[in-house]
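Residue-level listing of the chains:
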Amino acid sequence: MPSKLLIANWKMNPARESDAVRIAKASDAKHVVICPPFPHLGAVRAAVSEARLGAQDVFWEDQGAYTGEVSPRQLVNAGVRWVIIGHSERRTLFGETDEIVHKKITAAMRVLLKAVVCVGEPGDVRRHGHAEAKRFVARQLKGALRTLDFRVTIAYEPVWAIGTGTPDNPAETAEMAAHIKEVIQGMAGYEPKVLYGGSVNAKNAAGFFARAEIDGALVGGASVRPDEFKSVMRIAAGRKQQ
Ligand code: PGA
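Residues numbered from 1 in each chain as written. Predicted model: local features only at pLDDT ≥ 70, side-chain atom pairs only at ≥ 80, totals over all residues. Heavy atoms only, no water.

### Points about the pairing of strand β5 (residues 114-119)
The buried fraction of β5 is high, at five of six residues. Note that β5 and strand β6 (residues 153-156) share four bridges and pair parallel. Looking at the pairing, Val 119 lines up with Tyr 156 of β6. (Buried < 20%, exposed > 50% of the residue type's maximum accessible area, 1.4 Å probe, protein only. Helix = DSSP H or I, 4+ residues; strand = E, 2+ residues; numbered from the N terminus. Pairing = 2+ DSSP bridges.)

### Considering unusual backbone geometry
Note that the residue after Asn 13, namely Pro 14, is joined by a cis bond; omega there is -10°. Here Pro 14 shows up in the loop between β1 (5-9) and α1 (17-26). Positive phi, normally seen in glycine, also occurs at Leu 112, with a value near 60°. Judged by its relative accessible area of 68%, Leu 112 falls in the exposed class.

### A word on helix α8 (residues 170-188)
For α8, spanning 19 residues, the distance from its first C-alpha to its last is 26 Å, which sits close to the expected 27 Å at 1.5 Å a residue. At its buried positions, α8 is contacted by β5, α7 (130-145), β6, β7 (194-197) and α9 (205-209). (Expected span 1.5 Å × (residues − 1). Contact = heavy atoms within 4.5 Å.)

### A short note on the nonpolar core
Of all hydrophobic cores here, the largest spans 67 residues; its most connected members are Leu 6, Leu 75, Ile 105, Val 152, Ile 154, Ile 180 and Phe 209. At seven residues, α8 tops the list of elements feeding residues into this core. Those residues in contact with Ile 105 that sit more than four places away from it in its chain are Ile 85, Val 117, Ala 144, Leu 145, Leu 148, Phe 150 and Val 152. (Core = buried A, V, L, I, M, F, W, Y, C linked by side-chain atoms within 4.5 Å.)

### A closer look at the packing of helix α5 (residues 98-110) against α7
For the pair α5 and α7, interaxial distance at closest approach is 7 Å and the crossing angle is 50°. Comparing the axis directions of α5 and α7 gives the class oblique. Where α5 crosses over α7, the two elements pack in a sense that is right-handed. Facing α5, whose interface residues are Asp 98, Val 101, His 102 and Ile 105, α7 presents Arg 139, Gln 140, Gly 143, Ala 144 and Leu 145. Counted by class, the contact of α5 with α7 contains four nonpolar, three polar and two charged residues. (Axes fitted to C-alpha atoms, helices over the stretch in contact; angles between N-to-C directions. Parallel < 35°, antiparallel > 145°, perpendicular 65-115°, else oblique. Left-handed = near helix turned anticlockwise from the far one by under 90°. Nonpolar A, V, L, I, M, F, W, Y, C, P; charged D, E, K, R; others polar.)

### Structural notes on the side chain of His 40
Note that His 40 resides in the loop between β2 (32-35) and α2 (41-47). Separated by 2.9 Å, the side chain of His 40 and the backbone oxygen of Pro 14 make a polar contact. (Polar contact = N/O pair within 3.5 Å; in protein donor to acceptor, adjacent residues only side chain to side chain.)

### What about the sheet that holds strand β8 (residues 216-219)?
Within a sheet, adjacent strands bond to each other through the backbone by hydrogen bonds, running parallel or antiparallel. As summarised here, the arrangement of the eight strands in space is β1-β2-β3-β4-β5-β6-β7-β8, forming a closed barrel in which the pairing is parallel. The average angle at which neighbouring strand axes cross in this sheet is 25°, direction not considered. Bridge analysis of β2 against strand β3 (residues 52-55) gives two bridges, and the strand direction is parallel. Residue Val 33 lies in a different strand from β3, and its bridge partner there is Arg 52.

As C-alpha coordinates, then:
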(Lines give C-alpha, C1' and ligand atoms only; values in the text may rest on other atoms or scores of the structure.)
Protein backbone atom coordinates (compact mmCIF):
# COMPACT_ATOMS: atom_id res chain seq x y z
CA MET A 1 0.00 0.00 0.00
CA PRO A 2 1.47 3.42 -0.92
CA SER A 3 1.78 5.94 1.94
CA LYS A 4 -1.25 8.06 2.63
CA LEU A 5 -0.74 11.81 2.32
CA LEU A 6 -0.70 13.85 5.53
CA ILE A 7 -1.28 17.60 5.57
CA ALA A 8 -0.20 19.00 8.94
CA ASN A 9 -2.35 22.07 9.58
CA TRP A 10 -0.67 23.76 12.54
CA LYS A 11 -3.25 26.58 12.55
CA MET A 12 -2.02 29.46 14.77
CA ASN A 13 0.57 27.31 16.63
CA PRO A 14 3.20 27.31 18.03
CA ALA A 15 4.13 30.76 19.40
CA ARG A 16 7.91 30.26 19.27
CA GLU A 17 10.11 29.55 16.30
CA SER A 18 12.20 27.07 18.31
CA ASP A 19 9.09 24.99 18.92
CA ALA A 20 8.18 25.19 15.22
CA VAL A 21 11.61 23.81 14.33
CA ARG A 22 11.30 20.98 16.87
CA ILE A 23 7.86 19.94 15.62
CA ALA A 24 8.95 20.21 11.97
CA LYS A 25 11.98 17.95 12.55
CA ALA A 26 9.75 15.34 14.16
CA SER A 27 7.38 15.52 11.14
CA ASP A 28 10.03 15.32 8.42
CA ALA A 29 8.90 12.60 5.99
CA LYS A 30 8.14 12.43 2.28
CA HIS A 31 4.43 11.83 2.71
CA VAL A 32 3.99 14.91 4.92
CA VAL A 33 3.15 18.50 3.97
CA ILE A 34 3.75 20.92 6.84
CA CYS A 35 1.56 24.03 6.90
CA PRO A 36 2.92 26.36 9.60
CA PRO A 37 1.80 29.93 10.25
CA PHE A 38 3.44 32.40 7.81
CA PRO A 39 6.14 33.70 10.21
CA HIS A 40 7.52 30.15 10.66
CA LEU A 41 7.72 29.22 6.96
CA GLY A 42 11.42 30.05 6.59
CA ALA A 43 12.48 28.24 9.76
CA VAL A 44 10.44 25.15 8.89
CA ARG A 45 11.81 25.13 5.35
CA ALA A 46 15.35 25.15 6.74
CA ALA A 47 14.58 22.45 9.31
CA VAL A 48 13.24 19.73 6.98
CA SER A 49 14.71 17.74 4.13
CA GLU A 50 11.89 15.34 3.19
CA ALA A 51 8.62 17.03 4.09
CA ARG A 52 7.12 19.60 1.76
CA LEU A 53 6.02 23.07 2.73
CA GLY A 54 2.45 24.33 2.63
CA ALA A 55 0.57 27.48 3.60
CA GLN A 56 -2.77 27.73 5.39
CA ASP A 57 -4.21 30.39 3.11
CA VAL A 58 -3.43 32.64 0.14
CA PHE A 59 -4.83 35.84 -1.38
CA TRP A 60 -6.06 35.94 -4.99
CA GLU A 61 -4.20 39.00 -6.30
CA ASP A 62 -0.52 39.00 -7.27
CA GLN A 63 0.46 42.28 -5.61
CA GLY A 64 -0.88 45.62 -4.46
CA ALA A 65 -2.64 47.43 -1.63
CA TYR A 66 -4.04 44.44 0.30
CA THR A 67 -2.98 44.97 3.90
CA GLY A 68 -2.29 41.75 5.73
CA GLU A 69 -2.60 39.45 2.71
CA VAL A 70 -0.02 37.11 1.15
CA SER A 71 0.17 36.51 -2.60
CA PRO A 72 0.57 33.19 -4.42
CA ARG A 73 3.91 34.32 -5.87
CA GLN A 74 5.22 35.28 -2.41
CA LEU A 75 4.38 31.79 -1.19
CA VAL A 76 6.17 30.14 -4.11
CA ASN A 77 9.21 32.35 -3.55
CA ALA A 78 9.22 31.29 0.12
CA GLY A 79 9.48 27.63 -0.93
CA VAL A 80 5.81 26.79 -0.51
CA ARG A 81 4.39 24.14 -2.86
CA TRP A 82 0.98 23.46 -1.33
CA VAL A 83 -1.81 25.67 -0.01
CA ILE A 84 -4.94 24.98 2.03
CA ILE A 85 -7.93 26.88 0.63
CA GLY A 86 -11.40 27.35 2.13
CA HIS A 87 -10.80 25.88 5.57
CA SER A 88 -14.05 25.95 7.55
CA GLU A 89 -12.47 28.16 10.22
CA ARG A 90 -11.87 30.78 7.53
CA ARG A 91 -15.34 30.29 6.08
CA THR A 92 -16.89 30.76 9.53
CA LEU A 93 -14.62 33.44 11.03
CA PHE A 94 -13.96 35.54 7.94
CA GLY A 95 -16.98 34.84 5.77
CA GLU A 96 -15.06 33.06 3.02
CA THR A 97 -17.61 32.09 0.39
CA ASP A 98 -17.40 29.54 -2.44
CA GLU A 99 -16.81 32.55 -4.70
CA ILE A 100 -13.72 33.58 -2.70
CA VAL A 101 -12.54 29.97 -2.58
CA HIS A 102 -12.87 29.85 -6.37
CA LYS A 103 -10.76 33.01 -6.77
CA LYS A 104 -8.08 31.58 -4.50
CA ILE A 105 -7.96 28.25 -6.38
CA THR A 106 -7.61 30.16 -9.65
CA ALA A 107 -4.77 32.23 -8.15
CA ALA A 108 -3.01 29.09 -6.89
CA MET A 109 -3.36 27.56 -10.35
CA ARG A 110 -1.57 30.50 -12.00
CA VAL A 111 1.62 29.76 -10.05
CA LEU A 112 1.12 25.97 -9.93
CA LEU A 113 0.65 25.78 -6.18
CA LYS A 114 -1.03 22.50 -5.22
CA ALA A 115 -4.41 23.42 -3.76
CA VAL A 116 -6.04 21.48 -0.92
CA VAL A 117 -9.65 22.61 -1.06
CA CYS A 118 -11.66 22.08 2.13
CA VAL A 119 -15.33 21.16 2.07
CA GLY A 120 -17.66 19.68 4.67
CA GLU A 121 -21.12 20.02 6.09
CA PRO A 122 -22.06 21.66 9.42
CA GLY A 123 -23.73 19.62 12.15
CA ASP A 124 -27.27 20.82 11.45
CA VAL A 125 -27.00 19.60 7.85
CA ARG A 126 -25.65 16.19 8.89
CA ARG A 127 -28.51 15.79 11.35
CA HIS A 128 -30.78 15.68 8.31
CA GLY A 129 -28.89 12.60 7.11
CA HIS A 130 -25.91 11.56 5.03
CA ALA A 131 -27.72 12.14 1.72
CA GLU A 132 -28.26 15.77 2.72
CA ALA A 133 -24.56 16.09 3.66
CA LYS A 134 -23.59 14.74 0.23
CA ARG A 135 -25.80 17.29 -1.52
CA PHE A 136 -24.27 20.08 0.60
CA VAL A 137 -20.72 19.00 -0.27
CA ALA A 138 -21.55 18.67 -3.98
CA ARG A 139 -22.87 22.26 -3.94
CA GLN A 140 -19.65 23.46 -2.27
CA LEU A 141 -17.55 21.66 -4.90
CA LYS A 142 -19.54 23.13 -7.77
CA GLY A 143 -19.35 26.64 -6.28
CA ALA A 144 -15.62 26.43 -5.62
CA LEU A 145 -14.39 24.64 -8.75
CA ARG A 146 -16.96 25.63 -11.41
CA THR A 147 -15.43 24.77 -14.77
CA LEU A 148 -11.79 24.60 -13.66
CA ASP A 149 -10.00 21.46 -14.79
CA PHE A 150 -6.91 22.31 -12.69
CA ARG A 151 -6.25 19.28 -10.50
CA VAL A 152 -6.91 19.93 -6.83
CA THR A 153 -6.85 17.75 -3.73
CA ILE A 154 -10.03 17.78 -1.65
CA ALA A 155 -10.08 17.68 2.14
CA TYR A 156 -13.44 16.47 3.38
CA GLU A 157 -13.79 17.99 6.83
CA PRO A 158 -17.24 17.82 8.41
CA VAL A 159 -17.40 21.04 10.44
CA TRP A 160 -18.80 19.29 13.53
CA ALA A 161 -15.78 16.92 13.62
CA ILE A 162 -13.05 19.59 13.55
CA GLY A 163 -11.28 20.04 16.88
CA THR A 164 -14.05 18.29 18.79
CA GLY A 165 -12.50 14.88 19.47
CA THR A 166 -15.46 13.33 17.64
CA PRO A 167 -14.37 12.17 14.18
CA ASP A 168 -16.72 11.01 11.44
CA ASN A 169 -16.95 7.25 11.04
CA PRO A 170 -14.67 5.69 8.40
CA ALA A 171 -17.48 3.92 6.51
CA GLU A 172 -19.48 7.09 5.87
CA THR A 173 -16.29 9.06 5.22
CA ALA A 174 -15.29 6.55 2.54
CA GLU A 175 -18.77 6.85 1.02
CA MET A 176 -18.41 10.66 0.98
CA ALA A 177 -14.91 10.40 -0.55
CA ALA A 178 -16.30 8.22 -3.36
CA HIS A 179 -19.11 10.76 -3.89
CA ILE A 180 -16.60 13.64 -4.10
CA LYS A 181 -14.53 11.73 -6.66
CA GLU A 182 -17.63 11.05 -8.72
CA VAL A 183 -18.80 14.69 -8.61
CA ILE A 184 -15.41 16.01 -9.72
CA GLN A 185 -15.03 13.32 -12.36
CA GLY A 186 -18.35 14.49 -13.78
CA MET A 187 -17.48 18.21 -13.55
CA ALA A 188 -13.81 18.27 -14.48
CA GLY A 189 -12.94 14.87 -15.90
CA TYR A 190 -10.46 13.67 -13.32
CA GLU A 191 -10.55 11.85 -10.01
CA PRO A 192 -9.02 13.90 -7.18
CA LYS A 193 -7.26 12.65 -4.09
CA VAL A 194 -9.63 12.98 -1.15
CA LEU A 195 -8.32 13.43 2.39
CA TYR A 196 -10.30 13.23 5.60
CA GLY A 197 -9.97 15.89 8.32
CA GLY A 198 -11.62 16.26 11.72
CA SER A 199 -10.14 14.99 14.99
CA VAL A 200 -7.73 12.54 13.35
CA ASN A 201 -5.31 11.09 15.90
CA ALA A 202 -3.13 8.04 16.53
CA LYS A 203 -6.08 6.03 17.83
CA ASN A 204 -8.46 6.52 14.92
CA ALA A 205 -6.16 7.08 11.89
CA ALA A 206 -5.91 3.38 10.94
CA GLY A 207 -9.68 3.15 10.48
CA PHE A 208 -9.61 5.90 7.86
CA PHE A 209 -6.42 4.79 6.13
CA ALA A 210 -7.77 1.25 5.73
CA ARG A 211 -10.27 2.64 3.20
CA ALA A 212 -9.07 2.77 -0.40
CA GLU A 213 -11.26 5.80 -1.17
CA ILE A 214 -9.50 7.90 1.51
CA ASP A 215 -6.09 9.07 0.27
CA GLY A 216 -4.82 10.66 3.48
CA ALA A 217 -5.66 13.14 6.21
CA LEU A 218 -5.63 16.81 7.06
CA VAL A 219 -4.51 16.80 10.67
CA GLY A 220 -4.91 19.81 12.99
CA GLY A 221 -4.47 19.40 16.75
CA ALA A 222 -2.51 16.13 16.57
CA SER A 223 -0.01 17.62 14.07
CA VAL A 224 1.55 19.89 16.71
CA ARG A 225 1.95 17.05 19.22
CA PRO A 226 5.10 15.34 17.88
CA ASP A 227 4.67 11.95 19.60
CA GLU A 228 1.07 11.69 18.51
CA PHE A 229 1.86 12.85 14.98
CA LYS A 230 4.75 10.39 14.64
CA SER A 231 2.29 7.58 15.32
CA VAL A 232 -0.10 8.96 12.69
CA MET A 233 2.85 9.17 10.26
CA ARG A 234 3.76 5.52 10.87
CA ILE A 235 0.17 4.42 10.30
CA ALA A 236 -0.05 6.53 7.12
CA ALA A 237 3.15 4.91 5.85
CA GLY A 238 1.59 1.50 6.39
CA ARG A 239 3.88 0.62 9.28
CA LYS A 240 2.55 -0.78 12.52
CA GLN A 241 2.53 1.43 15.59
CA GLN A 242 5.50 0.84 17.87
P1 PGA B 1 -8.37 18.78 13.97
O2 PGA B 1 -8.36 19.88 12.79
O3 PGA B 1 -7.51 17.65 13.51
O4 PGA B 1 -7.79 19.52 15.15
O5 PGA B 1 -9.79 18.38 14.16
C6 PGA B 1 -8.44 19.49 11.46
C7 PGA B 1 -8.48 20.72 10.60
O8 PGA B 1 -9.09 21.73 11.01
O9 PGA B 1 -7.90 20.76 9.51
